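Listed below are the residues making up each chain.
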Amino acid sequence: MTASSADDLLALKGKRRFGVAAVPEHQISYRIKSLSERERNEYEARLINPKTGAVKVDRLKLAKVSLIVLCVVDSDGNRVFTDSQTRDLLEIDSAITNSLHEQINDHVGFSDGDVDKLVKNSEATAGDDSVIG
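The following paragraphs examine the structure supplied in this document.

## Here we look at the sheet that holds strand β4 (residues 72-73)
Here three strands make up an open sheet; going across it, the order is β1-β2-β4 and the pairing antiparallel. Edge positions in the sheet fall to β1 (18-23) and β4, since each has one partner strand and no second. Looking at chain direction, β1 and strand β2 (residues 28-33) are connected through six bridges and run antiparallel. Within β2, the position partnered with V23 by the bridge is I28. Docked against the sheet, helix α5 (residues 94-108) engages β1, β2 and β4, running at close to 160 degrees with respect to β1.

Next up, the structure:
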(Lines give C-alpha, C1' and ligand atoms only; values in the text may rest on other atoms or scores of the structure.)
Protein backbone atom coordinates (compact mmCIF):
# COMPACT_ATOMS: atom_id res chain seq x y z
CA MET A 1 0.00 0.00 0.00
CA THR A 2 1.38 3.40 -0.94
CA ALA A 3 1.05 6.46 1.20
CA SER A 4 -1.78 8.81 0.28
CA SER A 5 -1.32 12.49 -0.36
CA ALA A 6 -2.97 15.43 1.36
CA ASP A 7 -5.11 15.85 -1.75
CA ASP A 8 -6.53 12.34 -1.27
CA LEU A 9 -7.94 13.29 2.12
CA LEU A 10 -8.98 16.78 1.08
CA ALA A 11 -10.94 15.28 -1.82
CA LEU A 12 -13.35 13.94 0.80
CA LYS A 13 -14.30 17.47 1.88
CA GLY A 14 -18.08 17.86 1.92
CA LYS A 15 -18.76 14.14 1.50
CA ARG A 16 -21.42 12.69 3.81
CA ARG A 17 -22.17 9.20 4.97
CA PHE A 18 -25.75 8.19 5.64
CA GLY A 19 -27.15 5.36 7.67
CA VAL A 20 -30.32 4.17 9.35
CA ALA A 21 -31.21 4.31 13.04
CA ALA A 22 -34.05 1.95 13.88
CA VAL A 23 -36.61 1.79 16.66
CA PRO A 24 -37.85 -1.76 15.96
CA GLU A 25 -40.34 -1.95 18.84
CA HIS A 26 -42.30 0.86 17.17
CA GLN A 27 -41.54 -0.17 13.57
CA ILE A 28 -39.93 3.18 12.76
CA SER A 29 -36.51 4.07 11.45
CA TYR A 30 -34.71 7.27 10.59
CA ARG A 31 -32.10 8.24 8.06
CA ILE A 32 -29.08 9.71 9.82
CA LYS A 33 -26.15 11.73 8.51
CA SER A 34 -22.52 11.93 9.48
CA LEU A 35 -21.03 15.13 10.85
CA SER A 36 -18.11 17.05 9.45
CA GLU A 37 -15.28 17.67 11.88
CA ARG A 38 -16.41 21.33 12.03
CA GLU A 39 -19.99 20.32 12.95
CA ARG A 40 -18.73 17.94 15.62
CA ASN A 41 -16.44 20.59 17.09
CA GLU A 42 -19.29 23.11 17.18
CA TYR A 43 -21.59 20.58 18.84
CA GLU A 44 -19.00 19.77 21.51
CA ALA A 45 -18.02 23.43 21.99
CA ARG A 46 -21.60 24.39 22.80
CA LEU A 47 -21.35 22.23 25.92
CA ILE A 48 -18.47 24.29 27.31
CA ASN A 49 -18.47 27.85 28.61
CA PRO A 50 -15.66 29.49 26.60
CA LYS A 51 -14.77 31.93 29.40
CA THR A 52 -14.47 29.40 32.21
CA GLY A 53 -13.96 26.10 30.40
CA ALA A 54 -16.76 24.64 32.52
CA VAL A 55 -19.54 22.38 31.27
CA LYS A 56 -22.89 24.09 30.84
CA VAL A 57 -25.16 21.75 32.78
CA ASP A 58 -28.34 22.92 31.06
CA ARG A 59 -26.84 22.19 27.64
CA LEU A 60 -25.47 18.85 28.80
CA LYS A 61 -29.02 17.85 29.73
CA LEU A 62 -30.03 18.46 26.10
CA ALA A 63 -26.95 16.83 24.53
CA LYS A 64 -28.57 13.51 23.55
CA VAL A 65 -31.71 14.93 22.01
CA SER A 66 -29.75 17.77 20.38
CA LEU A 67 -27.59 15.22 18.56
CA ILE A 68 -30.75 13.47 17.36
CA VAL A 69 -32.11 16.79 16.06
CA LEU A 70 -28.80 17.52 14.32
CA CYS A 71 -28.37 14.14 12.61
CA VAL A 72 -31.84 12.79 11.67
CA VAL A 73 -32.49 13.78 8.05
CA ASP A 74 -34.93 13.12 5.22
CA SER A 75 -34.10 11.48 1.88
CA ASP A 76 -32.66 14.79 0.61
CA GLY A 77 -30.37 15.20 3.62
CA ASN A 78 -32.45 17.95 5.24
CA ARG A 79 -32.98 17.85 8.99
CA VAL A 80 -36.30 16.29 10.04
CA PHE A 81 -36.48 18.01 13.43
CA THR A 82 -36.21 21.73 14.07
CA ASP A 83 -34.27 23.24 16.95
CA SER A 84 -37.58 24.22 18.53
CA GLN A 85 -38.52 20.53 18.76
CA THR A 86 -35.46 19.62 20.82
CA ARG A 87 -37.24 19.99 24.15
CA ASP A 88 -40.22 17.98 22.81
CA LEU A 89 -37.88 15.01 22.44
CA LEU A 90 -37.24 15.15 26.19
CA GLU A 91 -40.78 13.79 26.64
CA ILE A 92 -40.11 10.65 24.56
CA ASP A 93 -39.46 7.32 26.30
CA SER A 94 -35.79 7.49 27.30
CA ALA A 95 -35.13 3.95 26.02
CA ILE A 96 -36.07 5.17 22.54
CA THR A 97 -34.02 8.37 22.62
CA ASN A 98 -31.09 6.52 24.18
CA SER A 99 -31.20 3.87 21.44
CA LEU A 100 -31.32 6.52 18.70
CA HIS A 101 -28.53 8.45 20.38
CA GLU A 102 -26.30 5.36 20.62
CA GLN A 103 -26.85 4.52 16.96
CA ILE A 104 -26.09 8.10 15.93
CA ASN A 105 -22.99 8.14 18.17
CA ASP A 106 -21.68 5.07 16.38
CA HIS A 107 -22.42 6.54 12.98
CA VAL A 108 -20.80 9.94 13.56
CA GLY A 109 -17.76 8.44 15.30
CA PHE A 110 -18.23 9.49 18.91
CA SER A 111 -16.67 7.04 21.31
CA ASP A 112 -18.48 6.09 24.50
CA GLY A 113 -16.38 8.40 26.62
CA ASP A 114 -16.14 11.53 24.45
CA VAL A 115 -18.74 13.60 26.30
CA ASP A 116 -17.61 12.08 29.61
CA LYS A 117 -14.08 13.35 28.88
CA LEU A 118 -15.43 16.85 28.23
CA VAL A 119 -17.30 16.76 31.52
CA LYS A 120 -14.35 15.31 33.45
CA ASN A 121 -12.00 18.00 32.15
CA SER A 122 -14.43 20.78 33.03
CA GLU A 123 -16.33 22.10 36.00
CA ALA A 124 -20.12 22.29 35.93
CA THR A 125 -21.87 25.65 35.60
CA ALA A 126 -25.51 26.56 35.22
CA GLY A 127 -24.88 27.90 31.70
CA ASP A 128 -27.79 28.74 29.51
CA ASP A 129 -30.39 26.30 28.34
CA SER A 130 -30.44 27.15 24.67
CA VAL A 131 -30.53 24.30 22.20
CA ILE A 132 -27.22 22.74 21.27
CA GLY A 133 -27.99 21.83 17.66
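Read on for the rest.
## As for helix α2 (residues 37-45)
What α2 keeps buried is the set E39, R40, Y43 and E44. Taken around the axis of α2, the buried residues stretch over an arc of 130 degrees, which confines them to a single face. Of the exposed residues in α2, the ones pointing more than 90 degrees away from its buried face are E37 and R38.

## Topic: the side chain of R40
Here R40 is to be found in helix α2. For R40, a relative accessible area of 16% gives the class buried. A polar atom in the side chain of R40 sits 3.2 Å from the backbone oxygen of G109.

## Concerning the packing of helix α4 (residues 63-71) against α5
Across the interface, α4 lies against α5 with an axial gap of 9 Å and an inter-helix angle of 60 degrees. The orientation of α4 relative to α5 falls into the category oblique. For the pair α4 and α5, the crossing hand works out as left-handed. In this structure, α4 uses K64, V65, L67, I68 and C71 to contact α5, whose residues at the interface are T97, N98, L100, H101, I104, N105 and V108. Classifying every residue of the contact of α4 with α5 by side-chain character gives seven nonpolar, four polar and one charged.

## Remarks on the environment of G109
Checked against the element boundaries, G109 lands in the loop between α5 and α6 (114-120). Expressed as a C-alpha distance, the spacing of G109 and S34, which sit 75 residues apart in the sequence, is 8.3 Å.

## Describing the pairing of β2
Here β1 hands over to β2 after four residues, with Q27 in that stretch at a positive phi of 50 degrees. As paired elements, β2 and β4 share two bridges and run antiparallel to each other. From the neighbouring strand, R31 faces β4, where its bridge partner is V73.

Criteria and cut-off values
- Residues numbered from 1 in each chain as written.
- Predicted model: local features only at pLDDT ≥ 70, side-chain atom pairs only at ≥ 80, totals over all residues.
- Heavy atoms only, no water.
- Pairing = 2+ DSSP bridges.
- Helix = DSSP H or I, 4+ residues; strand = E, 2+ residues; numbered from the N terminus.
- Contact = heavy atoms within 4.5 Å.
- Axes fitted to C-alpha atoms, helices over the stretch in contact; angles between N-to-C directions.
- Buried < 20%, exposed > 50% of the residue type's maximum accessible area, 1.4 Å probe, protein only.
- Arc of directions from axis to C-beta.
- Polar contact = N/O pair within 3.5 Å; in protein donor to acceptor, adjacent residues only side chain to side chain.
- Parallel < 35°, antiparallel > 145°, perpendicular 65-115°, else oblique.
- Left-handed = near helix turned anticlockwise from the far one by under 90°.
- Nonpolar A, V, L, I, M, F, W, Y, C, P; charged D, E, K, R; others polar.

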